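# An overview of the molecular structure
Here's the letter readout for the chains.
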Amino acid sequence: MKVLITGAGGMVGGALAGHCRNLGDDVQAFDREGLDITDERAAREAFGRLKPEAVINCAAWTDVDGCELDPQRAFLVNSQGVEALATAARLAGASFVTVSTDYVFDGLKADWFYTQRDDPHPASAYGAAKLEGERRAQMASARTSVVRTGWVFGPGGRNFLATAVERARRGARLKAISDSWGTPTYAPDLAARLRELAELDLPGVYHVVNSGEGTSYEGFARAAAEAAGVGGVEIEPVLMDSLKRPAPRPRNSRLRCLLSEAVGLRPLRDWREALAEFAGMSK
Ligand SMILES: NC(=O)c1ccc[n+]([C@@H]2O[C@H](COP(=O)([O-])OP(=O)(O)OC[C@H]3O[C@@H](n4cnc5c(N)ncnc54)[C@H](OP(=O)(O)O)[C@@H]3O)[C@@H](O)[C@H]2O)c1
């Protein structure tokens, strides 16, 4: 497949570019320097020249607290930028897949997973801008697939989940939130699904996460220490509200998909199995 990837300098975009190359795809991978997604003219020029069959957008401003403090910039990148890509993809005759987030939900659904039947209701500027990006992309191109994911970990990641294994190995004390739940997702597994969805070209909203009941950050930290094969790691449970961060986060943002299996896609493996592979790789 001839695939064009934006945000290839990030955790998910990097995993996706590697996966597509391994499959023998003709890959055009742009990091932020190569293509700023807020530059609609540059996107149209590049897509028109390269004529990809599919465009997969992994670029986003992912600093949740930064977005809260600068919602205009959040909107520029995570809403307008995504719309510009969807328009450019349509003009170039390409399908469009864009990655969105569990943060489009407010997290008040305490006891169950969020599915596509739940109305999004973001609590943060990041979530609001991502939701607006979903909607603008769908308006700009009928061939848009929105892929909501959450709690992503993998090589190159800088968040709590992606660094927990390495910090456990170093013997660092891990402070982990005990009252917030999500569905961990391994970036390479997500990447493989993004490519499948680009090839399927069945527009819609998909929830893509690893299987399992999900966990808290504390649960993830404990599993990461176990996967790293180190005992005696000190894990200090903390309450989410005690961190006093600028942006509110959903307390429960576990996702489940109603569509993937209906279109013939197999569930992704359990997150603990993926975590074990990640820990083994990063030894
Ligand atoms: N990580 C998670 O837990 C998580 C959870 C749910 C959803 N997601 C979604 O998954 C997607 C991928 O996230 P990730 O975890 O791979 O994040 P990431 O590592 O921060 O990657 C995002 C990439 O986008 C780039 N970028 C920012 N502004 C840009 C712009 N204007 N033009 C082009 N590129 C730009 C960033 O470059 P700089 O580093 O130079 O800014 C970065 O390389 C995003 O849509 C995110 O919202 C992630």
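Note: the structure precedes this text.
Below: a short report on this structure. (Residues numbered from 1 in each chain as written. Predicted model: local features only at pLDDT ≥ 70, side-chain atom pairs only at ≥ 80, totals over all residues.)

## Brief notes about the overall build of the protein chain
Formally: Numbering of helices and strands runs from the N terminus, with a helix taken as a DSSP run of H or I at least four residues long and a strand as a DSSP run of E at least two residues long. Between the two quantities, the radius of gyration covers C-alpha atoms and the globule rule is 2.2 Å times the number of residues to the power 0.38. Any residue whose C-beta has 12 or fewer other C-beta atoms within 10 Å is treated as exposed, any with 20 or more as buried, and any in between as partly exposed, C-beta atoms being built from the backbone.
Within the protein chain, the secondary structure is distributed over 9 helices and 12 strands. In terms of C-alpha radius of gyration, the protein chain reaches 18 Å, essentially the compact-globule figure of 19 Å for 283 residues. Seen through its C-alpha atoms, the protein chain measures out along the principal axes to roughly 55 × 40 × 40 Å. Taken over 283 residues, the protein chain has a buried fraction of 51%.

## Quick notes on the nonpolar core
The criterion, for reference: Defined on buried residues, the nonpolar core groups Ala, Val, Leu, Ile, Met, Phe, Trp, Tyr and Cys residues joined through C-beta atoms within 7 Å. Here, residue contact means that the backbone-derived C-beta atoms of the two residues sit within 7 Å.
With 87 residues, the main nonpolar core has Ile5, Val12, Leu16, Ile56, Leu85 and Ala224 as its most contacted residues. If near-sequence neighbours (up to four positions away) are discounted, Leu16 is found in contact with Ile5, Ile56, Cys58, Ala191, Leu194 and Arg195.

## Considerations on the sheet that holds strand S1 (residues 2-6)
Selection criterion: The rule for pairing is simple: two strands pair if DSSP sees at least two bridges between them. Angular values range over 0 to 180 degrees, each being the angle between N-to-C directions of two axes fitted as lines to C-alpha atoms, with helices fitted over their stretch in contact.
The strand order across the open sheet built from 6 strands is S2-S1-S3-S4-S5-S10, with neighbouring strands paired in parallel fashion. Each edge of the open sheet carries a strand with a single partner, namely strand S2 (26-30) and strand S10 (204-207). Taking the axes of each pair of neighbouring strands and ignoring which way they run, one obtains an average angle of 20 degrees across the sheet. Here 4 bridges tie strand S3 (residues 54-57) to strand S4 (residues 95-101), and the two strands are oriented parallel to one another.

## Examining the packing of helix H4 (residues 71-92) against helix H5 (residues 125-140)
Rules: Just so you know how the angles are binned, under 35 degrees is roughly parallel, over 145 roughly antiparallel, 65 to 115 roughly perpendicular, and the rest oblique. A crossing counts as left-handed when the near helix is turned anticlockwise from the far one by less than a right angle, and as right-handed when that turn is clockwise. Each residue is assigned to one class: nonpolar for Ala, Val, Leu, Ile, Met, Phe, Trp, Tyr, Cys and Pro, charged for Asp, Glu, Lys and Arg, and polar for all the others, Gly among them.
Running from amino to carboxyl end, H4 crosses H5 at an angle of 20 degrees, the nearest separation of the two axes being 8 Å. Between H4 and H5, the crossing angle belongs to the class labelled roughly parallel. Handedness of the H4/H5 crossing: right-handed. Between H4, through Pro71, Ala74, Phe75, Asn78, Ser79, Val82, Glu83, Ala86, Thr87 and Arg90, and H5, the contact on the second element is made entirely by Ala125, Tyr126, Ala129, Lys130, Glu132, Gly133, Arg136, Ala137 and Ala140. Across the contact of H4 with H5, the residue classes break down as 10 nonpolar, 4 polar and 5 charged.

## What to know about unusual backbone geometry
Of note in this structure, Asp201 is not a glycine but carries a positive phi near 55 degrees. With respect to the helices and strands, the residue Asp201 is situated in the loop between helix H7 (187-200) and S10. Phi at Lys244 takes a positive value of approximately 50 degrees, unusual for a residue other than glycine. With respect to the helices and strands, the residue Lys244 is situated in the loop between strand S12 (235-238) and helix H9 (271-281).

## Things to note about the environment of Gly232
Tracing the backbone shows Gly232 in the loop between helix H8 (217-228) and S12. Owing to 7 C-beta atoms within 10 Å, Gly232 belongs among the exposed residues under this scheme.

## Describing the site of the ligand
Note the threshold: Nearness here has a simple definition: the residue's C-beta atom, placed using the backbone, must lie within 6 Å of the molecule or strand.
Contacts to the ligand come from 27 residues, most closely from Gly10, Val12, Ala59, Ala60 and Val152. At the level of elements, helix H1 (11-22), H4 and S4 are the ones that each hand at least two residues to the shell around the ligand. The greatest single-element share of the shell around the ligand, amounting to 3 residues, is contributed by H1.

## Concerning H9
Going by this rule: Throughout, the arc means the angular range of directions from the helix axis out to the C-beta atoms.
Residues Trp271, Ala274, Leu275, Phe278 and Ala279 constitute the buried set of H9. Each buried residue of H9 sits inside an arc of 140 degrees when the element is viewed along its axis, so together they form one side. Looking at the buried side of H9, the elements it contacts are strand S6 (152-153), helix H6 (160-170), strand S9 (185-186), H7 and H8.

## Here's the deal with H6
Within H6, burial applies to Leu161, Ala162, Ala164, Val165 and Ala168. Down the axis of H6, the sector holding all buried residues measures 160 degrees, keeping them to one side. On its buried face, H6 is in contact with H1, S6, strand S7 (174-177), H8 and H9. Phi turns positive one or two residues past the end of H6, at Gly171, with a value near 85 degrees.

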